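Chain and residue survey
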Amino acid sequence: MSLHDDALLVLKSYEHQRELRQLYLDHLAAHPDGMWKACEAGHVTASALVVEPERGRVLLTLHRKLGIWLQMGGHCEPGDATLADAAMREATEESGIRGLTLLPRGPVRLDRHAIPAPCHWHLDVQYAAMAPAGAVEEISEESLDLRWFAYDEVADVADESVVRLLERTRAAL
């Protein structure tokens, strides 16, 4: 099974946010390269919100190019067999934390957001990842900073998409 096929299966079974799900499916049907950064009409990305529920906090990265606090995530790569693999790879690379585990039952939400040219859209499939006890984060070259925030601090530092992702994650815990 290819990453494209995995994306179709994940999205077809994803009932929450039906309209956005259909937009993703239509995009993949119209763009055989819709999983890859090279697709200028937009492409699927995968991300994961790193959480530590016992301490009521999330780890966010201050994105180097965008200058805003976001969850870990990015582009799918040929070595990713599934969207979950892509989300886990990105979360591990960007957080420096080993031993993350994705919440079961697949992604917690979908988010479509505009990005600068040459590509125009990210169709983000968003997961949540649990940090192991005693996790130590390490800033990657993609980040200006990496910081833990209490749940109630997220709305003060991050945009609405991260706030919604946290809400869905907390509901899934």
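Above: the structure in question.
Residues numbered from 1 in each chain as written. Predicted model: local features only at pLDDT ≥ 70, side-chain atom pairs only at ≥ 80, totals over all residues. Heavy atoms only, no water.

Structural notes on unusual backbone geometry
- The backbone of R105 sits at a positive phi, close to 80 degrees, despite the residue not being glycine.
- Tracing the backbone through its elements, the reader meets R105 in the loop between strand 5 (101-102) and strand 6 (109-114). (Helix = DSSP H or I, 4+ residues; strand = E, 2+ residues; numbered from the N terminus.)

Notes on the pairing of strand 7 (residues 121-130)
- The buried fraction of strand 7 is high, at 8 of 10 residues.
- Of the strand pairs in this sheet, strand 1 (residues 43-52) and strand 7 are connected by 9 bridges, and their pairing is parallel. Of the residues in strand 7, the one forming a bridge with V51 is M130.
- Across 2 bridges, the pairing between strand 5 and strand 7 is antiparallel. Residue pairing across strands places L102 opposite A129, the latter belonging to strand 7.
- With 6 bridges connecting them, strand 6 and strand 7 associate as antiparallel partners. (Buried < 20%, exposed > 50% of the residue type's maximum accessible area, 1.4 Å probe, protein only. Pairing = 2+ DSSP bridges.)

Description of helix 3 (residues 83-95)
- Between its terminal C-alpha atoms helix 3 stretches 18 Å, which fits the 18 Å expected from 13 residues at 1.5 Å a residue.
- Residues of helix 3 that are buried include every one of L83, A86, A87, R89, E90, A91, T92, E94 and S95, and no others.
- One or two positions beyond helix 3, positive phi appears at G96, with a value near 75 degrees. (Expected span 1.5 Å × (residues − 1).)

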